[in-house]
Amino acid sequence: MWMIAAVLSAFFAGITAILAKCGIRKTDSDIATAMRTIVVLLFAWVMVFVAGSEKEIVTIGVKPLLFLMFSGLATGASWLCYFKALSLGDVNQVVPVDKSSTIMGILLAIIIFGETNHLPVKLAGTVIFMVGLYLMIERKKDDRPGRHGEDSRWAVYAVLSAVFAALTSVFAKVGTQGIESNLATAIRTGVVLVMAWLIVIIKGKQSQIKMINRNEGVFIFLSGMATGVSWLFYYYAIQNGIVSVVLPIDKLSIVVTTIFSCLVLKEKLAKRAWLGLFLMVCSTLAIAVWE
C-alpha cells in the first residue's frame, strides 16, 4: 500500500511543478510560496478532521514534535529555493537538479536508518539515477530582456532546494513515528506557513499580495491543492514504508513534470535528456522491484 501511496505522491508532485510555474510568471516567488502554503494547510487540517485524528495532538511526544518542526523548516527552505529557481529557469532545467535530493536522501536513509537490504541494487540504482539526472540537466543561454546574468542563479537555488528536501525526508521519518500521517502533515505544514510568511514580511513584500494576477492566483491555489494531496500520500508512504525506496519512487514526479512541460509549456527536451529520464525510471523500478 505504501508503494501505491508513493506513486500517487509522485503524480501530484509532478502536476504541482507545472501549476506553480504558471502561477509565478509575474507573481513574486516568495509571495506565491506563502499563499499556496495557506491552501496546503487548510487542506491538511480538513483531512485531519475527516480521518478523526485531531484528538491525537495532545498525545504527541516532544521528540516527534521537534523533528516535525525540523522537517517543516527544511521544507519551507526547500520551497523558497525551489520556487525562486523556477522563477529564474525553465521547468526542465530546475526539476532535474531539485530531484538530486533523491540521491542524498537514499544515502542518508542507508546510513541513519540502516536500510541495507539489497544494498548493491540500491547503490547501483542510485548511480544510474545520478547519471540520468546529469543527462537531464540542460544548460541554456537565456537572451530574454532582463534575464541577462541570471542563467546560473537558478542552479544555485535548485541545489539548495535539493539539500533541504533531502533533510526533510530524514526528519519526517523520525517525526511521523507513532503519529497519524494526516496529523503529522498538518503540523509540519503549520511550521512551513510561519516560515514562508516571515520571509515575506522580512523582505517587505506583503504589499505585493493585492497585486497578484487573478489567473496566476488560480494556478497558485491549484498548486497548493496538488501539493496537499501529494504530501498526504508521501508522508503516509514515508511513515509506513522504506525511505530509500519511497524517495526514488516519489521523484518519478519528474516524468509527469517533463511530459506536461513539453505539452503545456511547450518546452523542448534534448535527446540526451530523454535518455536521462529513461535511466532514472529504470533505476527507480529496479530499486522498487528488488525491495
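The preceding data block contains the structure.
Positions within a chain are numbered from 1, following the residues in the order the chain's sequence is written. Owing to the predicted nature of the model, reporting of local features is limited to residues with pLDDT of at least 70; listing and counting of side-chain atom pairs is limited to 80 or more, with chain, interface and lining totals taken over all residues. By convention in this description, side-chain values take in all heavy atoms of the structure and omit both hydrogens and water.

Another point: the overall build of the protein chain. Counting its secondary structure elements, the protein chain contains 12 helices and zero strands. Helix and strand definitions here come from DSSP, where helices need a minimum of 4 consecutive H or I residues and strands a minimum of 2 consecutive E residues; each element is numbered from the N-terminal end. In sequence order, the protein chain lays out its α and β elements as α-α-α-α-α-α-α-α-α-α-α-α. What you see for the protein chain is a C-alpha radius of gyration of 18 Å, in line with the 19 Å of a compact globule of 291 residues. In terms of principal-axis extent, the alpha carbons of the protein chain reach across some 55 × 45 × 30 Å. Radius of gyration: over C-alpha atoms. The globule rule applied is 2.2 Å multiplied by the number of residues raised to the 0.38 power.

In this section: the side chain of Ser-29. By the secondary structure assignment, Ser-29 is in helix H2 (residues 29-51). Taking the relative accessible area as the measure of exposure, Ser-29 reaches 4% and is therefore buried. When residues no more than four places from it in sequence are discounted, the contact partners of Ser-29 are Ile-24, Phe-83, Lys-84 and Ser-87. Only protein chains enter the accessibility calculation, which uses a 1.4 Å probe. A residue is then buried if its area is under 20% of the maximum for its type, exposed if over 50%, and partly exposed in between. Residue contacts follow a heavy-atom distance rule, with two residues in contact if any of their heavy atoms lie within 4.5 Å.

Time to look at the packing of helix H3 (residues 62-88) against helix H7 (residues 153-175). Any two packed helices are characterised by the angle at which their axes cross and by the distance between the axes. Viewed as axis vectors pointing N to C, H3 and H7 meet at an angle of 160°, and their least axial separation amounts to 7 Å. Classified by the angle their axes make, H3 and H7 are roughly antiparallel. Where H3 crosses over H7, the two elements pack in a sense that is left-handed. Gly counts as polar in this scheme, as do all residues outside two lists: the nonpolar Ala, Val, Leu, Ile, Met, Phe, Trp, Tyr, Cys and Pro, and the charged Asp, Glu, Lys and Arg. Residues belonging to the contact of H3 with H7 are distributed by class as follows: 20 nonpolar, six polar and three charged. Working convention: axes come from line fits to C-alpha atoms, limited for helices to the stretch in contact. Angles between N-to-C directions cover 0 to 180 degrees. An angle counts as roughly parallel when it lies under 35 degrees, as roughly antiparallel when it exceeds 145, as roughly perpendicular when it falls between 65 and 115, and as oblique in every other case. With the far helix as reference, a near helix turned anticlockwise by less than a right angle produces a left-handed crossing, and one turned clockwise produces a right-handed crossing.

None of the figures reported here should be taken as evidence of function without further support.
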